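Structural features, examined
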Amino acid sequence: CVHLHFDLIIFFSYTDLVCRYGDTGAALVEHPGINKILFIGSVHVGRKIMQAAAKNLTPVTLELGGKDPFVVFPDAELDFAVGLAVRGSFINLGQNCISAERTYVHRSVLDKFIAGVKELVESLRPGVDIGCISMEQQVRCAHSCVVKPV
């Protein structure tokens, strides 16, 4: 159970996080015993989930296709901004609806910002500070972003 304000108690009979491919998700979404669906992912898949869940009138919460910018102004505390930018980009390896998708930095602080990001990223330890990407399709997507010219 979870205690909230005013001593309200909510009991969860079953809660789980499922990270799988479409066939697993489809089976869950279409099952009449599912009481609530929360999906974080693409607009394309979100539409499919909403349509399938409608058959059983299952309530759905969708977090879809975020393109969250990270903006650094000239008067920013650069060390702090660098730390937030790296965390915002690498949290869950960017597989998160609140990950920083794009970073805009004012010209006057760009070189210092890039140097700080480079230093911090180079210090990250795979398997300790950052994990792995879990889906092959996402690996290909990330690779294309790295090799694609800016």
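Only a predicted model underlies this, so the values are computations on that prediction, with no experimental measurement involved.

**Here we look at the overall build of the protein**
What the protein contains, in helices and strands, is 5 helices and 6 strands. Starting at the N terminus and ending at the C terminus, the protein contains elements arranged as β-β-α-β-α-β-β-α-β-α-α. Residues counted as buried form 17% of the 150 residues belonging to the protein. Pairs at least 24 apart in sequence give 55% of the contacts found in the protein among residues at least 6 apart.

**Points about the pattern of salt bridges**
In a structure, side chains of opposite charge can pair up when their charged atoms sit close to one another. As enumerated under the stated definition, the model contains 3 salt bridges in all. Here Arg 125 and Asp 129 are joined by a salt bridge, their closest N and O atoms 2.9 Å apart.

**With respect to a nonpolar patch on the surface**
The grouping of Val 71, Phe 73 and Tyr 104 at the surface amounts to a nonpolar patch, some 320 Å² of accessible area in total. Within the secondary structure layout, Val 71 lies in strand β5 (residues 68–72). Accessibility expressed as a relative area gives 44% for Val 71, which makes it partly exposed.

**Things to note about unusual backbone geometry**
Unlike most non-glycine residues, Leu 57 shows phi in positive territory, near 55°. Residue Leu 57 is classed as exposed on the basis of its relative accessible area of 76%.

**Quick word on the pairing of strand β4 (residues 60–64)**
Strand direction decides the pairing type here: strand β3 (residues 37–41) and β4, joined by 5 bridges, are parallel. Paired with Gly 41 across the two strands is Leu 64, which belongs to β4. Handedness of the crossover joining β3 and β4 through helix α2 (residues 43–54) is recorded here as right-handed.

**Points about helix α4 (residues 107–123)**
Under the 1.5 Å per step criterion, the end-to-end length of α4 is 25 Å for 17 residues, consistent within 8% with the ideal 24 Å. At Phe 113, α4 is bent by approximately 25°, the largest bend along its length. On its buried face, α4 is in contact with β5, α3 (78–90) and β6 (100–105).

**Quick word on the nonpolar core**
Buried together is how nonpolar side chains tend to be arranged in soluble globular proteins. In this structure, Phe 70, Val 72, Leu 78, Ala 81, Val 82, Ala 85, Ala 100, Val 105, Val 109 and Phe 113 together form the largest nonpolar core, which totals 10 residues. Where this core is concerned, the elements lending two or more residues are β5, α3, β6 and α4. In terms of residue count, the dominant contributor to this core is α3 (4 residues). Residues within four places of Ala 100 in sequence aside, it is in contact with Asp 68, Phe 70, Gly 88 and Ser 89. Membership of the second largest hydrophobic core comes to 7 residues, among which are Phe 39, Ile 49, Ala 52 and Val 60.

Scoring rules and cut-offs
Residues numbered from 1 in each chain as written. Predicted model: local features only at pLDDT ≥ 70, side-chain atom pairs only at ≥ 80, totals over all residues. Heavy atoms only, no water. Helix = DSSP H or I, 4+ residues; strand = E, 2+ residues; numbered from the N terminus. Buried < 20%, exposed > 50% of the residue type's maximum accessible area, 1.4 Å probe, protein only. Contact = heavy atoms within 4.5 Å. Salt bridge = Lys/Arg side-chain N within 4 Å of Asp/Glu carboxyl O. Patch = residues over 30% accessible without salt bridge, like charges linked within 9 Å, V, L, I, M, F, W, Y side chains within 5 Å. Areas by Shrake-Rupley, 256 points an atom, 1.4 Å probe, with all protein chains shown as cover. Pairing = 2+ DSSP bridges. Right-handed = clockwise from strand over helix to strand, strands pointing away. Expected span 1.5 Å × (residues − 1). Bend = angle between axes of the 7 residues up to and from the residue. Core = buried A, V, L, I, M, F, W, Y, C linked by side-chain atoms within 4.5 Å.

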